[in-house]
Structure formats: C-alpha cells, structure tokens
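# Working through the structure, step by step
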Amino acid sequence: MASLTGILGGGPDRIWKSRALLSSGLAIAAISSSVTALAGIRSAIMAFVILTGLLLLFYGSLFRPWGVIAFTFIFASFEGFIKHKLGYALLTYVFKDFLMILLISAWLLKALAGRHGEYRRTVLDIPLVLFTAVCLIQIFNPNFENWVISIAGIKVHLIYMPLYYMGYYLLQDRPCLIRLIHLFSILAVIMGAYGIVQYLQGPEAVSSLGSSFAEIVRKDTWWAGSRHYFRPMSFAATGGLASSFNMIGFPFVALSAIFSRHIWGKVLGAVSLLILMVALVLTGVRSSLLSLMATGLLISIIFSRRMLVPLVLVILIGLAISINLGEGQIEHRMASMSNPYKSFMTNRMRFITVVPELVSNYPAGIGLARTGAAAGALSKFYPEYERMTIDNYLTSMVFETSLLGAFFILLIFLIILYQGAVIIRGSSGEFRMVAIALYAVPLLIFIAGFSGPTLTIAPHNIYFWLSVGLLLKLPEIYASPGKRTSGEAG
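Source: prediction; values computed, not measured.

### Re the overall build of the protein
- What the protein contains, in helices and strands, is 24 helices and 2 strands.
- Each of the 490 residues in the protein was classed as buried or not, and the buried ones make up 52%.
- Sequence-distant contacts in the protein: of pairs separated by 6 or more residues, those separated by 24 or more amount to 76%.
- A total of about 22,400 Å² of accessible surface is found on the protein, and carbon and sulfur atoms cover 68% of it.

Spelled out as structure tokens, the structure:
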C-alpha cells in the first residue's frame, strides 16, 4: 500500500484514492473469477466490462462529480433516440436513474468521510424534507398497488432532487458555471437543429429509422381534416419532450451569446436562438411556446426591459420561418394561440376544476406513479393498475401525494421564485444576466406545469433542480470570485 501511495503522489487525498482503487480492483478480480468458474469466460468478460464501467462512473462521482453530472445531462439529451433504437429495453428506463444513484452514493460516502466541510443550511431544506416525507409515507397509502410501482414513484419525485444540493455545494467558481452553460447551450442547439432536419426529411424518413420511430410518428401527430401534420421528436422520445428541450435551452443559449466577446459569437448565438425557436414551433407544442413567450415577457417587464425588443424579434422571425417551412400546417396548428385564454379554458381547465373531487374521493392521494411518464412506462409491465392522464403538474401531485404534497411542492416553487427575484434585484452586470437566465428555468417549468406533469419527466426535473441550486449559489460565487479556482470545481 505504501508503494502504491508513493506512486500516486502521497497525501491524504491520494491515500484515500489508492485504497479505493485497490479495494475495487480486488472486488473486480474476485467477482470475475467467480463468474468465470460458474458461467464461463464470455460471461466473465461481460461482467468485467460492466463492473469496470460502473466503477469508472463511481470514481468520477467521487473525484470529478461535475463530469458525471455533465454525462447525465448529455445522456438525457439523447435518451429518447437510444430508447427508440433499443426498442425501449428496461436498461434505457433506469440508466439515467442509476447515474443519479452513483452520484448520491459518492456524495454520501464523502459526507461520511467528512470531506464536504461544514454543512450550510439553504432556504429549501425544510420544505424539501417535508415533501420527501409525504412521498415516503405514500408507500403505506391504502390504495397501494405493489412495491415496484411505489419505488418507481419515489424515484420519479425524489431521485433528481439531490441535483439541487450538488449544484449548490459543488459550484465553486465562475469558469465551472460558464462551462455548464455552454454545455447546456450546445445540447439544446443539437436537439433543435436535428428536429428541423427531421421535419424537412418528413415522417417517412424518420419512420425508416426503426419500428419504434414509426410507431411514435404514427402516435405523436395531429390531424386537421384529411391533412396529417408531422411532429419531429429530434433526439427526444416524443415531439413534446423535444419542445421541452428547446424551451429550457433558450435562456442558456441566450446567455452564451451574451458571454461571447466577439461579433461572430454573438451572431452564432442569434442564429442558435432562431434554430431553437423554429424547432420549437415545428413541434406544434403550443404550451411550450406559450410558456417561453410568457416567461420572456414577465422577465423583460419586471427585471430587464432591454430584453423585450430582441426577444420579440427572435420570436417573430422564428414564427415566420416556421410557418413558411410548415406550408400552412403550422399556421393551422397555432391558430388557437390567437386566444390562449380560451384555449386553456377549453383544453386544460378541467384538470384544475377536478381537484375538489380528487380531494374528496382520495384525501390521502391515490399513491405514487399514477400519472405522468412513469405511469405510461409502468403500464407496459402492469397493464391492470389504475392510472390517470393529468396535464397539470400540481393536480397530478394532489392525485398522487394528496393536497399536502401539492402544497409543499407549490411552496418550494414560490420560495424559489421569490428568492430568485431577490437575487436578481441585488445583482448587476454579468451576475444579473446569469441570475436572470437561471431564474428563467424554474419560471418556465412552473408556467409549463399548468399544461403538463413537468417535474415528473426529463428534461424538466434535471434542469429544474440543478438550475435552482446554481441560482441560489450565485451570490456567493460573484461576491468573492477571486477566492475560487477552477480546480476546486472538479
């Protein structure tokens, strides 16, 4: 052990790494040897590859957590495409969750080793603990189906919440923040650009990618009379999720353009914003487009009126390009947006008016994983269990976690929006621009939640929790940037 420690450079940190590497190597050797003896060399090779990959991810979580977090977001961006290609194999449902489990395990291990430093309370600690308790209590709901469904529900509501603490505690400096913003911008532009390419190629070209693609093209479309309107899903699982990536990516791309010190960078940023806007409109998801427009308008009026003119220009130009590409299809689809209030009252208000009935019939909630994407996925394995489609996040929380759970998650939203506004009001210069961009993410998701189960699905949940952690850490980052080094950020 001493010689190994010397090779790695010595010191407490190196000693800890060397011990972890040595123990893991012994574990791999023991398991591979056992598999070889029991199942043969081919199975042993597969076990070795899987174990080595898992250990690399685990060590990344221990020593370079930002790398694993970035990988999680990258995988989430292409997860839908991978699911379609692999025929929705079980692994594709749980891989992203497994990455989070690795991150959480590494985080707890470092906490037990005293490597996180002194714990600092945040404004969300108490409501998060209370919401978590409500979700865990739902395991004992009288309408309990089975353990698999309940665990899946806990996973949906809680597993990405640690991203909030990781964003808050791991962010150490401005360079780390800028790298993340650029990463999210690149992922969003890739998603948007491929969505436009798919739309230009047409549904037949997308269907030719595989049977799962053909099925989603058939399902994820809309009709007007005898005309069939194709909804491009890009690298996401559906056109609706692609629109969410485009919507959430918008503030990050805008901030990347502002960060650029060169004219070509700002031009590239403007073109990228147009790509996102065109891709968003082509998906035909009106709620995402309206959420983006409403968020931009609110932030411009309240915090920065200079944003209003550029925002309106991007939206109008993007709409014009999309309508031209759509050859009348998009214009027909977006016609209802001329009166969004009437459209909401017709298509979404029923999900709010049903709340008293839900509370009366299910005062303790009906249990977890009964709405949203989790319910759809579980129905393939448990087709008989009771579930509902509720296109409103808070209503779905009333249904699953009772009025109490919905109250706590609403409280969390309101605290975030209030604290974020306070941070923006007390900032200036670059600090203010970053704060506005990060604030836009939870505001976007809050507004979009009135027409969809947002925090139960990616990309909403992963971007929401990480962005909130980053937002609340900003005052410390910009208060003493000279004290931070990029090396600390990992």
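### Some details on the packing of aromatic side chains
- Taken as a whole and judged by the stated rule, the model has 25 aromatic pairs.
- Ring geometry for F464 against W465: centres 4.9 Å apart, planes inclined by 85 degrees, an arrangement best described as edge-to-face. W465 carries the same exposure label as F464, and that label is buried.
- One residue, K473, lies across the ring of Y168, its end atom 5.7 Å from the ring centre.

### Observations concerning the confidence of the model for the protein
- Chain-level pLDDT for the protein is 81 on average; 76% of the residues reach the 70-or-more range.
- The low-confidence segment residues 1–11, where pLDDT is below 50, has 11 contacts with residues more than four positions distant or belonging to other chains.
- Considering only residues more than four positions removed or in separate chains, one finds that residues 481–490, a stretch of pLDDT under 50, has 18 contacts.

### Thoughts on unusual backbone geometry
- Going from A458 to P459, the amide bond is cis rather than trans, its omega being 10 degrees.
- Structurally, the position occupied by P459 is in the loop between α22 (429–448) and α23 (460–479).
- Phi at S234 is positive, roughly 55 degrees, even though this residue is not glycine.
- Accessibility expressed as a relative area gives 2% for S234, which makes it buried.

### Observations concerning the side chain of S260
- With respect to the helices, strands and loops of the structure, S260 is situated in the loop between α12 (239–259) and α13 (263–282).
- Residue S260 is classed as buried on the basis of its relative accessible area, which comes to 16%.
- One polar contact links the side chain of S260 to the main-chain carbonyl oxygen of H262, over a distance of 3.3 Å.

### Examining the environment of L325
- Locating L325 in the fold gives a position in helix α15 (residues 308–326).
- On a C-alpha basis, the gap between L325 and L200 in space is 8.0 Å, while along the polypeptide they are 125 residues apart.
- Contact partners of L325, with chain neighbours within four places excluded, come to Y199, L200, V278 and L282.

### Notes on α12
- Along its 21 residues, α12 runs 30 Å from first to last C-alpha, staying within 8% of the 30 Å computed at 1.5 Å per residue.
- When the local axis directions of α12 are compared, the greatest deviation, roughly 35 degrees, occurs at F250, which is followed within four positions by the proline P251.
- With 17 of its 21 residues buried, α12 lies for the most part within the structure.

### Some remarks on the environment of L466
- Note that L466 resides in helix α23.
- Residue L466 is classed as buried on the basis of its relative accessible area, which comes to 0%.
- Sequence-wise, L466 and I69 are 397 residues apart; in three dimensions their C-alpha atoms are separated by 9.5 Å.
- Sequence-distant contacts of L466, that is, excluding residues within four places in its chain, are made with W66, I69, F73, L163, Y164, G167 and F184.

Cut-offs used in this document
- Residues numbered from 1 in each chain as written.
- Predicted model: local features only at pLDDT ≥ 70, side-chain atom pairs only at ≥ 80, totals over all residues.
- Heavy atoms only, no water.
- Helix = DSSP H or I, 4+ residues; strand = E, 2+ residues; numbered from the N terminus.
- Buried < 20%, exposed > 50% of the residue type's maximum accessible area, 1.4 Å probe, protein only.
- Contact = heavy atoms within 4.5 Å.
- Areas by Shrake-Rupley, 256 points an atom, 1.4 Å probe, with all protein chains shown as cover.
- Phe/Tyr/Trp six-rings, centres within 6.5 Å; stacked < 30°, edge-to-face > 60°.
- Lys NZ or Arg CZ within 6 Å of the ring centre and 35° of its normal.
- pLDDT = per-residue confidence, 0-100.
- Polar contact = N/O pair within 3.5 Å; in protein donor to acceptor, adjacent residues only side chain to side chain.
- Expected span 1.5 Å × (residues − 1).
- Bend = angle between axes of the 7 residues up to and from the residue.

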